[in-house]
Each structure stands twice: as structure tokens, then as C-alpha cells.
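# Chain and residue survey
Listed here are the chains, written in short residue letters.
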Amino acid sequence: MSSSLQLVQTLLDEFYQHSTSNVRRREIESQLINFKCQPEAWQLCLHVATSIESNQFLWVFCTSTLEHTVTRRWNQLHTSDRTLLRETLWNTYINFSLSCPRRQRETFAQLIALMGKHEFPDEHPNYIMNCIELIKTKFPLGISLLRSTSEEVMNNRENISTDRKNYFHSCISLCIPDVVDLLTKYLIIAVCHVNEKNIHSIPNNILDYTLITSLPNDNQLSSSILELLTCVQHLVSWISTDLISEYLLMSILDLSQWRVHHQSVSLAGLAVLNELLYLQKSLPHTKTLMTGINGLLEQHNTTKLQSEMYIDKFRELLRLYTIKYWPKMIEDNDILEPFLKSLYCCTISRNGALDFTEKLEIWTPIIKGLVLNKKLCRYNDIMNSLIGEILCRIQFEYNKAELELLDNENLEDNVQTEWQQYSTSAIETIALIGESRPCECFVLAFTHWSRPYGFLLSIENDIDSGKTVDLTRKIKCQSFSESLRDFSTMCQAVVRITPLLGSADMNSEMNNNLQLLTKNLLTILKFLSSNKLSNLNVDRSTFQTDLDYLYAQVLMAIRSILTVSNLLRTGDILNNLFGTIGGIFLPSNSLLSPIIYMAASQLLLCLTTVIRPKTLLEIPTIINIMQAGSKLTHLPRQVIANIYISLISYLVLPWKEVNDQQQDFPRRCALLQEYVQCLAQYFLELEINTESKISSITLSSLSIFSIVIEYFQDCNNISKDMLATAFKPLITKALIIYNNFGTTCNAVAISVAEFSLSTLRTLQTQLGTQFIKDMITLFIGVSSREHSNISRLVVVEKILQMFQLIVEQHGNGSMSMMPSILDFTIEHILPLIQHENNVTDNSDISSTVYNLFNSILTHKWQYFYKSHAYNNANTLQMNTGNLHPEHFLAILNAYGQILLTGNDPNVVRIILESLHSVNERWRLYQKALFRDNLLTSFQTALIKVLLSAEGPLHFDLLATSLFNMGQVDTLKLRDSFANAGLPINSKIIDEICLSTDIPTFSQKLSQLIQDAHCVHLTQT
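Our subject in this report is the structure included herewith. (Residues numbered from 1 in each chain as written. Predicted model: local features only at pLDDT ≥ 70, side-chain atom pairs only at ≥ 80, totals over all residues. Heavy atoms only, no water.)

## Some words on the overall build of the chain
- A count of helical and extended segments in the chain gives 45 helices and two strands.
- Once the C-alpha set of the chain is aligned to its principal axes, its extents read approximately 100 × 90 × 70 Å.
- Burial status across the chain gives 53% buried among its 1020 residues.
- Counting only contacts in the chain whose residues sit at least 6 apart along the sequence, the fraction spanning at least 24 positions is 73%.
- Of the roughly 45,800 Å² of accessible surface on the chain, a fraction of 50% belongs to carbon and sulfur atoms.
- Mean positive and mean negative side-chain charge positions of the chain (80 and 98 charges, respectively) differ by 3 Å. (Helix = DSSP H or I, 4+ residues; strand = E, 2+ residues; numbered from the N terminus. Buried < 20%, exposed > 50% of the residue type's maximum accessible area, 1.4 Å probe, protein only. Contact = heavy atoms within 4.5 Å. Areas by Shrake-Rupley, 256 points an atom, 1.4 Å probe, with all protein chains shown as cover. Lys, Arg positive; Asp, Glu negative; His and termini not counted. Charge placed at Lys NZ, Arg CZ, Asp CG, Glu CD.)

## A few points about the pattern of salt bridges
- Enumeration over the complete set of coordinates arrives at 39 salt bridges.
- One salt bridge in this structure joins glutamate 27 and arginine 24, with 3.2 Å as the shortest N-O distance. Taken together, the positions of glutamate 27 and arginine 24, both in helix 2 (residues 22-36) and three residues apart, correspond to about one turn of that helix.
- Between aspartate 546 and arginine 485 there is a salt bridge, with the nearest N and O atoms lying 3.3 Å from each other. Here aspartate 546, found in helix 24 (residues 544-560), pairs with arginine 485, found in helix 22 (residues 478-497); they are 61 residues apart in sequence, far enough to count as distant. (Salt bridge = Lys/Arg side-chain N within 4 Å of Asp/Glu carboxyl O.)

## Focus: helix 34 (residues 769-783)
- Counted at 1.5 Å a residue, the expected span for helix 34 with its 15 residues is 21 Å, and the 21 Å between its end C-alpha atoms agrees.
- Among the residues of helix 34, those classed as buried are Phe771, Ile772, Met775, Ile776, Leu778, Phe779, Ile780, Val782 and Ser783.
- Residues of helix 34 that are buried in the fold lie against helix 32 (717-741), helix 33 (746-767), helix 35 (793-808) and helix 36 (818-834). (Expected span 1.5 Å × (residues − 1).)

## Here's the deal with the side chain of threonine 322
- Looking at the secondary structure, you find threonine 322 in helix 14 (residues 308-331).
- In this structure the side chain of threonine 322 is engaged in a polar contact, spanning 3.4 Å, whose partner is the backbone oxygen of isoleucine 362.
- Excluding its chain neighbours within four sequence positions, the residues that come into contact with threonine 322 are Met329, Phe339, Ile362, Pro365 and Ile366. (Polar contact = N/O pair within 3.5 Å; in protein donor to acceptor, adjacent residues only side chain to side chain.)

## Examining the packing of helix 41 (residues 935-947) against helix 43 (residues 970-979)
- It is the contact of helix 41 with helix 43, at a shortest axis distance of 9 Å, that shows an interaxial angle of 45°. Here helix 41 is positioned oblique relative to helix 43, judged by the angle of their axes. Judged by the twist between their axes, the crossing of helix 41 over helix 43 is right-handed. Contact with helix 41, carried on its side by Leu935, Thr936, Gln939, Thr940 and Ile943, involves Lys972, Leu973, Ser976 and Phe977 of helix 43 and no other residues of that element.
- Of the residues assigned to the contact of helix 41 with helix 43, the class counts are four nonpolar, four polar and one charged. (Axes fitted to C-alpha atoms, helices over the stretch in contact; angles between N-to-C directions. Parallel < 35°, antiparallel > 145°, perpendicular 65-115°, else oblique. Left-handed = near helix turned anticlockwise from the far one by under 90°. Nonpolar A, V, L, I, M, F, W, Y, C, P; charged D, E, K, R; others polar.)

## Details of the packing of helix 38 (residues 885-901) against helix 39 (residues 905-922)
- Across the interface, helix 38 lies against helix 39 with an axial gap of 10 Å and an inter-helix angle of 135°. Judged by the inter-axis angle, helix 38 sits oblique to helix 39. For the crossing formed where helix 38 meets helix 39, the hand is left-handed. Contacts between helix 38 and helix 39 involve Leu892, Tyr895, Ile898 and Leu899 on the former and, on the latter, Val907, Val908, Ile911, Leu912, Ser914 and Leu915.
- The residue makeup of the contact of helix 38 with helix 39, split by class, is nine nonpolar, one polar and no charged.

Structural data, given as C-alpha cells:
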């Protein structure tokens, strides 16, 4: 061994010692890299690499050095050196014993395939034939090399030029028919071996008997077939599907059957089938494939003790199969009917909750297909059985063993537990069927709903009857909590299915069921709201969470039936419902769970916006809530906001079934102003000289009012006029507070800015141009008093979003604000975000700035260019000059700066999309100011981004922008490519510049970029 390699071995031994420090390891790593890059290093490493007995650390390093030589320095090697390297590695590889370590075999196969990618067919014309012969003589070695070659065909290595990749792909493709034919024969042999079938019973026109000896039926059979199937899996991912013969497909289907003694083979067979189904192209021999998968499904249903991995892969096969082949299945009842029956049997097999939900996903394309083709009724029995199975599997009464394994602990707010996720997923399948058969689904769900309802009703009866002993026994039993969960689940099913009834023709029986459900829900709501269980001397901690969840589900179930239940629209029932809901919100001795408050507030909101009863303020509980104003502080913020929205909706939205003369808008407008003033009383009465009080009240008040105002974005102008009148005093007060504390109290500044932003989103037109102008002038003035810093970024971001809303408003009312908006943004904000390390990771200020610039260029183009003007003689004159070149150039220079130095891909994409859309709409690149001052620099910047590591992320947008700029001036585009210093033949640059369509331009440009990377890698 040379002294250099001895030093390398010493360094490697030191590197892998536990006592070596990280600093020393980095030093060693640097020395090893320097050695690897030496021109003669590969020659020193070749001897070590061909010796299996070498030190393993040294062997790995030497083979990686050879890989570096082949991938990065191949073109620099002399022809004789290439030949020496190829022959040495090849001869070593073919002389490996069949029992050599897998890692060494795979490493050599990859090295030989890498050289083949450089040399086949010109310098090494027999490469594929040698590979085929090696398969016949030493199957494991040959099949590994073939798989490595297939991987290299698809590997988009940057060190290989595009022309060479395409040439290698086309030459390998010419040999693939012979390769596939050979592999098919080996697959037939494999099928005979695993089925213990006499191989000589296969006709010799199908099978070559001379191949039998290279795939013997010995203790290595499973590993050999596994290698074969792994190779086939990669090949079918890219070869033409026309080469897939029926014998190949039948063999794969056979090998995919579960076999206890060949489990790895079964898994590999399924992997090949899944790979075929992943392909976005049609497969041959459809009938054979569909029949074969039906057979696999039947075998799966009758075979026990399958491995978890096999079950997972088989589910994936069924999912891919149904997605790809449901249209063909529906056309052939002989295929579809047995498949549905087998799939149902597969679905109902008990193998865990996760397995069940994933099997339900398989049904999705089938159900959609049956609905689309109006064949669902034909398979009524299967669908009803599936619904019944789902309803049982989500209830503890029928499926306790699986459900009790699911976690029911809340980890975060608004995140469902495992049990809730499982129930939701299962119910969605019922709803999918219910989209075309809502009545049938409702009846089945209601039947199951009645069981836990009866149980809870018995609890109330026991309480009312004083049966303390029986009651305590029931509640302490574990089944009590499980019954609550079952009731919650069935309420959830009702919530999901009932809205589907709106489009259905309901008979009298269905109407009776719906009315019965309504009465029962109201009965349960009355029981839950009475809080009778709290008076019992039992430990409620074991079931309180489930009881709260049930309470919320009952409220949501009532909300879901509002539109279909006539009973809920009757006066007394509706008034009682309002009274019950109102009682939930009013302060009491014990607080309820937040999910109950939220569900109740959503039900109240639905009642006031959907039903909109005129008599709402005649209900005492609602009057109490309205009079409570801002005193509902025990409720969550969103719940308070929902209550405010509900009552304001009643005042501003038209009452239903009431004519225009009886709407009484003047009185309602006065009531609205009075109510809003009541809600904001503490805020409006704030004294400016009390900063601490201002901070707490402003934050609590304006955060809720922001939610309230934003809710009414899409309502009619009459309602918005009423809202503007009621909320204008609040807006004015908020601006006064901002003027005094906008620079000294960041929390107040953020709160006022968010509130003003919400106001602009909803009431911009109603507040009037002058009011908006004064508001913006105030925000700019306060923000300009001192230099913006990190702590002020959130406020600035809100101000920029206000600017964007104003800019995007239709009409020219905001045109007078453009100079102030642009001056502030360009002079105060751009320097802040362009300064290195000044923007924190959690700020989207850069995106906001460039979205604003895009809106200005898109919606206020007239600020820069007038399409026409009239002179004193009323004659039309074209005016092509830019009216505000300083602002125009500042925006576009900021764009260019981000392209050159930006490290945020999202901002780069915003700019590229903006350039594209503005050019499409206003012909930006054609304008003289852009063409003469910016075109060349933008082309250079775009080329720089293309060559960077982020280039592939934005390639389509970059290519489109370059193409459109090139259409303005082809010579400038060519000069930009030339000035980029690309080490590429100028011919391809000429082809790019002369392209007349984007697809050709993009294809040539992609080739140019890949070849530039290739040259860079092989020269460094």
C-alpha cells in the first residue's frame, strides 16, 4: 500500500474513533476531500477497491473516490485510463462469488453503470449484451447491474450533458425489448418454483430451458426472485407499456399472492403492481389485470396471518386500482359485482381502526363512479350493508375492542383526538353515499341514533324519579362514558347527513322521522342545559369531557336541521330555543366548556342569519344578552364576537318573510347605534392620559370588533351604510389613540392597525374617500415620526395591507393618495427590508411590500401611463410618456434587487408572477422606459436566478419572462446570455433566442442550464 493510502487509512481510523473531536473531524474531512480531488488518486484507490479483504473504512473511501472520478473527472481522463478503469472494475465484478457482500456488489454495479452512461454504445458497444450474458451465468450479479443501469437511465445527474443523457436513454431503449423478454422468462421460472410446478410443462416457445440453471430452486430462491422483481419494478417505471406482455403481467400477479415461506417475494410482487398503477398512462391486458386483482382480493379474504407490511401494500394496491380502473369496472358487471362483494368482505374484517378507515378510502372512487353512472341502486344491498357496518364500527356498543385503543386526549386547541378523527373519516364515507341517497342514509343513521338517545333519556327519568341507586350504578359504570361518546358520534353523523336532505323528495315517513329527531334533540338539549347531573354525588371527572362534547354535538345537530325542519320555525319552539341558548351565555354559578359556548354561539349565529325572526328582541333572554353588552367577559373571544355578530345581523339584515315597508330600518339603525355604543362604552370613554388602561381596553375591545366588522364584508350596501354610521365613532376614537400612542405602545398600535384594516375590508366605500385619505395620512405621519424597527414590523405590515386595499378599490378616488403611499413605502420601508438580517423569520413584511407593488402596477397603471389625452382642440393625442418615472423605476429596481440578492423563494415568485401579469395586462416590456433602462439588467438577473440552486423552483415563470423579454429585443437577449459567461456552444444560445414559442424556448433553455451545470461540475 502506498504511503498516501496509509495516511488516508490512519486518518479514517482517527475519524471514526469516539474520542476524536468534531473540530478534528472537520480537519480530517478537509484532508480526505483534498486527496480525493488529486488527479492520480483514482489509480491509488483502484487496487484497494478491487480487494474485498481491505479495511472497510478504506474500501468505502476508495470506491467513493472512484465514483468522484467517474462523475466529476471522466472527461479529463485519458482514453487508456478510462479503459483501465472500466476493464479492472468489470473483471473484478464478474469474478465476484455469488456469496459476496451485497454492499460491495451494489457499489461495483453502480460504478460500472456510471461508466456505461458515459461510454455506451460508442466506446463500450457490448455493455448491454455483457449484462444479459452475466444474468444468464451469474444471475445476482447480472440482475444488480441491470437494475443499476435502469436507475442511471432515469437519474438526471447534473454532471452529464443533456445530449448525452438523451443519447444513452435512446440507445438503452433499443435494447429493452430483448431485456424484457428475458426477464419475463425468468419470472415464469420463478412462478413455477414458488408454486412447485413442473417447469417442463411450460411450452418451449414461452420458456428457454437453458435459463433454469441460473435461477435454481434452492435456499437462495426468495432473494433471487426479490432481486428480479426489484429490477422489474424500476424498469416498468419508464419503459413503454407496450413491452409488458400478458405473461409478464400474469407472473407478477401470481408472485403477489401471499406465501408464508416467500413473504419478501409477495411484497415485491405487490410493489411492482403498485408501480404499474402509479403510471399516468394506460396499461395493456386490462382484462387480465382486473381479473388478477379480483383473484388477489379473494385470496386475501381467505388467507390468515398475513404480515402487516403485506396488508398495507395490498390496501395501497386496491386504492390505486379503484382510482385508475373504476370507469372500466363500472362498464363490466362481471368484474364489478364480485369485486364489490370481495371488497366489502375485506373492509369488514377486523384489523384495527386505522385499517378500516384506509379501506373506506378505497370505496371513494367507486361510490363516486356509481353515482355518476346512476348505478348505485343496482348495488343497494352492498351500500346499505357498508353503511350499517360503518355505523357499528364507530360505536363502542359494537366495536369497543378497536375504539378503546384510540386516544381521546386533546393535545392542542382545535385539534381532533384520534377517536374524533376516526369517527369523522368514517362518517364522510356515509355522507358520500348520502349525496345521492340522503333519505336512506338518514333513516339508517337515525335508527342507530335512537339507541344512545334512549339510554340518556333513561338517565333523566331516573333523576326525576329519584332512583338514586340505579342511577349511581349506571353513571359509575364504564359504559356510561362510552354511551355518551356513541351519542356524540351519532349526533355527528346526523349533523353531516341531514343537510343533504334539502335536495331530496321526502315522503311522509321521512318527514315524521325528521320531526321526531327535532323533538328528541330539543328534549336532550333541555336535559343538558338543566344541568341535572351536577346535583348528583358522583365523580364527574370520568365522564365530564364526553358530556361536554355531547352537549356541543347536540347543539350542532340542531343547527344542521334548521333548514329542513319546519318544526324549528314555529314560534313557541323557536322562542324556547332562543331562551335556552341565551341561558348558556349568561353568567351562572359554574362555567361551561369552551366547546359548548362555541357550539351555542354558532347555533345562535345560524338562527339570526338564516331564519332571521322579526320577534327576536321580544325574547327576555336575548334582551338580557343585549343589555349585558360588553360584560360577557367570562366567554371566549370568538364566542363573544359570534354573539355580537348575531345581534347586529338581526339589526342590519332584512327580516325574512317581511315586506320592505315593515322592515323598519330607521328604528333598527338607531338600535344598532345604541347597541354598538353600549358594547364600546368603556372604549369610547377612555381618557387619553391613562396609557395602561388604554392598552388593556383597546386590545380587548378592538380585537373583537375587528372580527365583527369583517364578518359583514359580503352584505348589501344598506347594511354596510348602517354599520358605517354605527362604527364611525369607534374608528375615530381608535385613530385618536393611535395618534397619541402609535409610537410608544406597540400593542396598541397593532390593535388599532388590525381594526382599521378590518374596517377598510368591509366599509371602505361607505366611509368615503376623504375619511380614508385622512386615516392613511395619519398612519403615515405617525409611522414616519421615528425610524421603523423590528418591533414595528407588524404595524407596518398592517399599514401596507391597508394601502393594498385602497389601491385595489375600483375608481380613481385613491389616485390622489398614490404619491404618499409610494413615498412612504419606498423611502421608509424598502431600506428596512433590503438591509441584511433586519427582517425576522416570523415577518411577512417583504411579501406584503411586493404584493402592494404588484397591486399598484396592476390596478393603478394610470398613475404611470395615460392611455390617451385630449388637447384644447378636443383632438385625441396619444401620450406614451411615463407620468411618474421616479416611482416606476423605484418599484422595478426593487424587483430586480430581490432577483439578484433575495433568499426567500416566496418573494421571488411574487415578483416573477407580478412581472408576468403586468406585462400580460399592460405590455410592460414594450414601454420605452423599461426597454431602454431595465430590459438588459432584468434579463441578466433572470439568467442568474436560473443558474442558481433556486432556479428549478421558478423555472416556468423565469422561462416565460425571459421569452417575453426576448420578443422585445432578441439581440439584447443574446447579449445577456453571452455576458453571463456560460461555457456553452453559442449554437444553443442562438436556438433559444430564435425560438418563436414558449415550449421550444423552455426546452432549449432547460438544456442550456443543465449543460452549464454539467460543465461547472466536471471542471471543478
